[in-house]
Amino acid sequence: MDLFDIAWNMRQSQQINAVRSDASEAQRQVRDSNVRVAELEAAVAKLQLIAQALWEIQQERGGIEEQALIDKVNEIDLRDGRLDGKLSGAKVRTCSGCNRPVNSRHLRCIYCGAENPEADVFRSKG
Ligand SMILES: [Zn+2]
């Protein structure tokens, strides 16, 4: 094996390692995305359940006109100045346990597990 072959083999080996590293990173990103999709699906399912419960309680207590609900949804939607089908963004505060940012959707800090006293009952998840 001459010097050229050795250099060639080293270069090939480096490229193979780079491709393996890229593949590992891509796999990690796919796993993270799958976790986030599962979290979103769980959050949507919980919100649907809460909305249905509130609607049924309201109907049992005499009901409200569907148009009144639609009007209220639009009024709340517009509170952040945009009619975009969303509540304004979740609040972020600093965790008392580890000083990292904690989203109001989380009942506990995702880093240290400290309870989040500002967790939003409609958005929160374990
Ligand atoms: Zn924390």
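Located above this text is the structure these notes cover.
The model shown is predicted, which means the values in this text are computed figures rather than measured ones. Position numbers for residues start from 1 in each chain and track the written sequence from start to end. Totals for whole chains, interfaces and linings use every residue, but because this is a predicted model, local features are given only for residues with pLDDT of at least 70 and side-chain atom pairs only at 80 or more, for both listing and counting. Note that the side-chain values use all heavy atoms of the structure and ignore hydrogens as well as water.

Enquirer: Looking at this structure, I do not really get the coordination of the zinc ion. What am I missing?
Expert: Donor criterion used throughout: N, O or S atom within 2.8 Å of the metal, extended to 3.2 Å for Na, K and Ca. Water excluded; incomplete-looking sites may result. Distances from the zinc ion to its protein donors, Cys95 (SG), Cys98 (SG), Cys109 (SG) and Cys112 (SG), fall at 2.3 to 2.4 Å. If you look at the zinc ion, its four donor atoms make angles of 105 to 115° with each other, and the shape they trace is tetrahedral. To sort residues, take the accessible area from a 1.4 Å probe on protein chains only and compare it with the maximum for the residue type: under 20% means buried, over 50% means exposed, and anything in between is partly exposed. Relative accessible area serves as the criterion here: at 25%, Cys98 is assigned to the partly exposed category. Any site counts as irregular unless it has four donors with all angles between 85 and 135 degrees, making it tetrahedral, or four or six donors with opposite ones more than 155 degrees apart and the rest between 65 and 115, making it square planar or octahedral.

Enquirer: Can you walk me through the packing of aromatic side chains in this structure?
Expert: Within a pair of aromatic rings, the relevant descriptors are the distance that separates the centres and the angle that separates the planes. Geometry of aromatic contacts follows a simple scheme: Phe, Tyr and Trp rings, the Trp one being its six-membered ring, pair when their centres are within 6.5 Å, and the pair is stacked under 30 degrees between planes, edge-to-face over 60, tilted otherwise. Taken as a whole, this structure holds one aromatic pair when the rule is applied. Relative to Trp8, the ring of Phe4 has its centre 6.5 Å away and its plane inclined at 15°; by these criteria the two rings are stacked. Highlighted residues: Phe4 and Trp8, both in helix α1 (residues 3–60), separated by four residues, approximately one helical turn. Secondary structure counts use DSSP, requiring at least four H or I residues in a row for a helix and at least two E residues in a row for a strand, with both numbered from the N terminus.

Enquirer: Is there a simple way to explain a nonpolar patch on the surface in this structure?
Expert: Residues form patches when they are more than 30% accessible in relative terms and have no salt bridge. Like charges link within 9 Å. Nonpolar side chains (Val, Leu, Ile, Met, Phe, Trp, Tyr) link within 5 Å. We get accessible surface area from the Shrake-Rupley algorithm with a probe of 1.4 Å; when it comes to residues, only the shown protein chains can shield them. For salt bridges, the criterion is a side-chain nitrogen of Lys or Arg within 4 Å of an Asp or Glu carboxyl oxygen. Among the surface-exposed residues, Met1, Leu3, Ile6 and Met10 lie close enough to one another that they form a single nonpolar patch of about 490 Å² accessible area. Relative to the elements of secondary structure, Met1 occurs in the segment before α1. Taking relative accessible area as the criterion, Met1 reaches 75% and is therefore assigned exposed.

Enquirer: Can you help me understand the environment of Val102 in this one?
Expert: Looking at the element boundaries, Val102 is found in strand β2 (residues 101–103). According to the relative accessible area criterion, Val102 is buried, its value standing at 3%. As a C-alpha pair, Val102 and Glu118 span 16 residues in sequence and 9.5 Å in three-dimensional space. Contacts are assigned to residue pairs with any non-hydrogen atoms lying within 4.5 Å of each other. Contact partners of Val102, with chain neighbours within four places excluded, come to Lys91, Val92, Arg93, Cys95, Cys109 and Asn116.

Enquirer: So what exactly am I meant to see when it comes to the pattern of salt bridges here?
Expert: Counting across every chain of the model gives five salt bridges. Lys72 is the salt-bridge partner of Glu75, the closest N and O atoms lying 3.1 Å from each other. Taken together, the positions of Glu75 and Lys72, both in helix α2 (residues 66–77) and three residues apart, correspond to about one turn of that helix. Since its relative accessible area comes to 39%, Lys72 is described here as partly exposed. With a closest N to O distance of 3.9 Å, Asp84 and Arg82 form a salt bridge. Look at the salt bridges and you will find they share partners, linking Glu25, Arg28 and Asp32 into a network.

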